[in-house]
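Chains, contacts and geometry: an overview
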Protein chains: 2
Amino acid sequence: MTFNVPNMAKLPGAVRDLIVSYHELNSTTIDELHEEPSPLEFMRYVARNRPFVVRKGAESWTARKVWNAKYLVDVMGRQLVNVAVTPHGNADSVIELEDDGLLFVKPYDTEEPFNKVLEKIQEKERQGIDGPGPTRYAQTQNDNLRNEYMPLFSDLPKDIPFARIALEKSPDAINLWLGNSCSITALHKDNYENIYVQVLGEKHFTLLPPIECACVNEQLIPAATYQPREPATPESPRSPSAASDNSMSSSQVRPAMTHDEVLDDLVVCLDEPEENVPFATWDPDVPSQRATPFSQYSRAMRVTLNEGDMLYLPALWYHKVAQSASSEGICCAVNYWYDVEFSGSFWPLCSLARGVGLLTLGRDPRDGEEDDG
Amino acid sequence: MTFNVPNMAKLPGAVRDLIVSYHELNSTTIDELHEEPSPLEFMRYVARNRPFVVRKGAESWTARKVWNAKYLVDVMGRQLVNVAVTPHGNADSVIELEDDGLLFVKPYDTEEPFNKVLEKIQEKERQGIDGPGPTRYAQTQNDNLRNEYMPLFSDLPKDIPFARIALEKSPDAINLWLGNSCSITALHKDNYENIYVQVLGEKHFTLLPPIECACVNEQLIPAATYQPREPATPESPRSPSAASDNSMSSSQVRPAMTHDEVLDDLVVCLDEPEENVPFATWDPDVPSQRATPFSQYSRAMRVTLNEGDMLYLPALWYHKVAQSASSEGICCAVNYWYDVEFSGSFWPLCSLARGVGLLTLGRDPRDGEEDDG
């Protein structure tokens, strides 16, 4: 297909019109309900792809009544659980290198006994992000409440009735999130309709609608993972960087590092084989950094979930999430993910908006995709 | 705003992907229900912007039980009603001039007694489109059932309960449509959620989803209207074209034309002041004519409404409508229009799809709009 393109210079105007007209037609204040919606009321929100919060919508849940630090430890005990460990609380985030290059860095995933994870989360909360030790966040997002946290699942509803009835689906995943105020989840989107319930502590959501894809400066960036430096043992030399510490000769023998010492010394390692992942690089809280010409038209919606609040986070909305800990130094939430509806026009139209936004920014929306023949 | 546009050549691919991926994710066969949906079931269709037909969904309506040619005349009598008159059954359609230019031509709107309109519709149906006389179509679309056809409205429900409850709106307009097989409504779209019920005869819908806007070759074309030639009277000379008929000298006196003679001699007149209107110029039934490079990806959905059937025609779907008359030579339908929802993302995303489609075809989507400063 070849085309004359005399009007192509007007394409940025079409992208800007999308964002500006969306915000003319929609509020940036979230709808606040005070009781659960009916399935029909919920479906109206799904149809418009608009979020709402139900204040105290989960207040009657057993989890709200019985969960606290001691109860969680009593139930989970020393059972091994997955935990994401990062030096700065930045799991799945973009970091800027000294040469201005960007990396998408994932946390170091390890297993620890639940009671230790909880205790370390509390200790880190007391000492703050600048205190010693890494930040832990139990956030596996792999349906963990029906797997490793099964003992806690009996305190929660099996699904969200208004969502199950409206969407005619059972949840694809039900997840527990346990962290503290040191963890921030970077701006990203999910292919799920999301019902998010705050149990302990607070979550601070910054939300951008899917039509703002041209604002968030999606880029293909190399993936990396926090990894421990190779532990020092008589059999294995220290990593090159550590070996350059000339206060100790390489012939000296040091004891192997403990698990905690290993986690205290995480370094960023490029993934092998190398992989580039598409990720939003603009942060609505630092709007002048890595902005696109469209970022100025972004209008973030901000909402804090207090204990017992329930959020409907519609599919494909960008969200950045910060946390405040409870008086016990923990922040605990659960969420129910329902697959997005691929039929109808929403999915293909959002793909168009993304593709056009990227083309307007001089990028190819197909970069990074598998060869589609 | 200025941009580098190295990837702009990939824009047509993004438009093609929109259309192709939509059809990969959606059927071109309409969903057939056999009873009215609940408000929630309806809302699921609205959310996906997908049509359905309820076979015999209106079979229990009083109108279905009592309407026939005699009943309609008994109720409406000689009351004056608006009627659209065209020489070829082409109200609101595109016509091609000898120089390949296009005109958007509207019908001649006049008033006639209802009993005459109905009789003329039947007579034209008997004689066929090539027979003598113009084609009449009562199709004012101005909430006529709550105005000129009020006497018939008591045979119809005041609204469609599942739609009223789901959309939380009363109908913006409720219309009667009375015509015959000589009328065809050209491909167009409306800003309404539409519940369309066939009472007598059949309607044949050809439906294209809103994401096919790049297929339908929307163009800005001059608006025109069928008008009677100036009637010949001693006081007023005949129109230039008629005056060139040299079998009669201009000094001869002829009687003024009757109303029917006037309607037999409609000519296309450009609107004054001149106005260009955006209109779809591609016809999915003549796919090689006025096609765009995207028309090949169009996948029309076709559905015939039989007597008593109810169609949900979602907002912004392109539709072309042909008719078959009942054994009495008439085709009669009613429809309920509910305003489209402008909040949410559907409306701005459809505007983006239209804008990008037009830009890709070398046109400016803002042409023809009021100056927006």
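These lines cover the structure that appears in this document, whether it is placed above or below. (Residues numbered from 1 in each chain as written. Chains lettered and ligands numbered in written order. Predicted model: local features only at pLDDT ≥ 70, side-chain atom pairs only at ≥ 80, totals over all residues. Heavy atoms only, no water.)

Here we take up the interface of chain B and chain A. Each partner contributes to the interface: chain B provides 53 residues, whereas chain A provides 53 residues. Here chain B and chain A share an interface that buries about 4600 Å² over both sides, 72% of which is from carbon and sulfur atoms. One can count 6 salt bridges joining chain B with chain A. Here B:K10 ties to A:D364 by a salt bridge, and the two come within 2.7 Å at their closest N and O atoms. For the pair chain B and chain A, the interface holds 14 residue pairs in polar contact (both at pLDDT 80 or more). (Contact = heavy atoms within 4.5 Å. Buried area = accessible area lost by both parts, 1.4 Å probe. Salt bridge = Lys/Arg side-chain N within 4 Å of Asp/Glu carboxyl O. Polar contact = N/O pair within 3.5 Å; in protein donor to acceptor, adjacent residues only side chain to side chain.)

Let us now look at the side chain of B:T281. All names here are of chain B. With respect to the secondary-structure elements, T281 resides in the loop between β14 (276–280) and β15 (301–305). Since its relative accessible area comes to 3%, T281 is described here as buried. In this structure the side chain of T281 is engaged in a polar contact, spanning 2.7 Å, whose partner is the backbone oxygen of N217. In this structure T281 touches V94, L102, V216, N217, Q219, I221 and R290, once residues within four positions along its chain are discounted. (Helix = DSSP H or I, 4+ residues; strand = E, 2+ residues; numbered from the N terminus. Buried < 20%, exposed > 50% of the residue type's maximum accessible area, 1.4 Å probe, protein only.)

Bringing the pattern of salt bridges into the picture now. Within this structure, the stated rule accounts for 48 salt bridges over all chains. In this structure, the salt-bridge partner of B:R55 is B:E32, at a minimum N-O distance of 3.2 Å. Of this pair, B:R55 sits in the loop between β2 (52–54) and α3 (62–66) while B:E32 sits in strand β1 (residues 31–33), placing them 23 residues apart in sequence. Via salt bridges that share partners, A:E112, A:K116, A:K120, A:R136 and A:D260 belong to a single interconnected network.

Note on the chain copies: they are related by a rotation about an axis and a translation along it. Mapping chain B onto chain A calls for a rotation angle of 180 degrees and an axial translation of 0.0 Å; the resulting RMSD is 0.0 Å. Both chain copies can therefore be described as sitting about a two-fold axis. The C-alpha atom lying nearest the rotation axis in chain B is that of B:A47; the distance is 2.0 Å. The overlap is high: 100% of the interface residues of chain B also sit at the interface in chain A, so the same surface is used on both sides. (Least-squares fit on C-alpha atoms with pLDDT ≥ 70 in both.)

Turning our eyes to something else, we now look at the pairing of strand β11 (residues 202–208) of chain B. Both faces of the sheet carry side chains from a regular strand, because those side chains alternate between them. Residue and element names in this part refer to chain B. Of all the 7 residues making up β11, 5 are buried; the element is thus mostly covered by neighbouring parts of the structure. In the sheet, β11 pairs with strand β17 (residues 318–324) via 7 bridges, with the strands oriented antiparallel. Following the sheet pairing, E202 is matched in β17 by S324. The pairing of β11 with β15 spans 5 bridges and is antiparallel. Looking at the pairing, T206 lines up with R302 of β15. (Pairing = 2+ DSSP bridges.)

In terms of nonpolar packing, the biggest core is built from 111 residues, with A:F42, A:W67, A:I195, B:F42, B:W67, B:I195 and B:V334 touching the most fellow members. Setting aside its immediate chain neighbours within four residues, B:V334 contacts B:W61, B:W67, B:L145, B:L156, B:N175, B:L176, B:W177, B:I195, B:Y196, B:V197 and B:V199. By size, the runner-up hydrophobic cluster in this structure holds 91 residues, among which are A:M8, B:I19, B:C213 and B:L352. (Core = buried A, V, L, I, M, F, W, Y, C linked by side-chain atoms within 4.5 Å.)

For the rest of this paragraph, the subject is the environment of B:Y192. Residue and element names in this part refer to chain B. With respect to the secondary-structure elements, Y192 resides in strand β10 (residues 192–200). Residue class for Y192 comes out partly exposed when judged on its relative accessible area of 21%. Between the C-alpha atom of Y192 and that of S345, which follows or precedes it by 153 residues, the distance is 16 Å. Setting aside residues up to four positions removed in sequence, Y192 forms contacts with D172, L313, P314, A315, L316, W337, Y338, D339 and V340.

Before going further, it helps to spend a moment on the packing of helix α1 (residues 11–25) of chain A against helix α10 (residues 346–360) of chain A. All names here are of chain A. Put simply, α1 and α10 touch, their axes get as near as 10 Å, and they point 135 degrees apart. The angle between α1 and α10 falls in the class oblique. The crossing of α1 and α10 is left-handed. Contact residues: L11, P12, V15 and L18 in α1; A353, V356 and T360 in α10. Tallied by class, residues from the contact of α1 with α10 come to 6 nonpolar, 1 polar and no charged. (Axes fitted to C-alpha atoms, helices over the stretch in contact; angles between N-to-C directions. Parallel < 35°, antiparallel > 145°, perpendicular 65-115°, else oblique. Left-handed = near helix turned anticlockwise from the far one by under 90°. Nonpolar A, V, L, I, M, F, W, Y, C, P; charged D, E, K, R; others polar.)

Applying the stated criterion to the full structure yields 27 aromatic pairs over all chains. Centroid distance B:F114 to B:Y149: 6.1 Å. Interplanar angle 80 degrees. Geometry classified as edge-to-face. Residue B:F114 is located in helix α5 (residues 114–127), and its partner B:Y149 is located in the loop between β7 (135–137) and α6 (150–153); the two are separated by 35 residues in the primary sequence. The pair B:F114 / B:Y149 is uniform in exposure class, with both members buried. Taking 5.1 Å as the distance between ring centres and 80 degrees as the angle between the ring planes, the aromatic pair formed by B:Y196 and B:F205 counts as edge-to-face. Each member of the pair, B:Y196 as well as B:F205, is classed as buried. One aromatic cluster is present, formed by A:F42, A:Y45, A:F52, A:F162 and A:Y312 through successive ring pairs. Seen from the ring of B:Y45, B:R48 lies directly overhead, with NZ or CZ sitting 5.1 Å from the centre. (Phe/Tyr/Trp six-rings, centres within 6.5 Å; stacked < 30°, edge-to-face > 60°. Lys NZ or Arg CZ within 6 Å of the ring centre and 35° of its normal.)

In this chain, A:E272 is followed by A:P273 through a cis amide linkage whose omega measures -5 degrees. Relative to the helices and strands, A:P273 resides in the loop between β13 (266–270) and β14 (276–280). Here B:Q141, not a glycine, exhibits a phi torsion of approximately 55 degrees, which is positive. Given the relative accessible area of 26%, B:Q141 is considered partly exposed.

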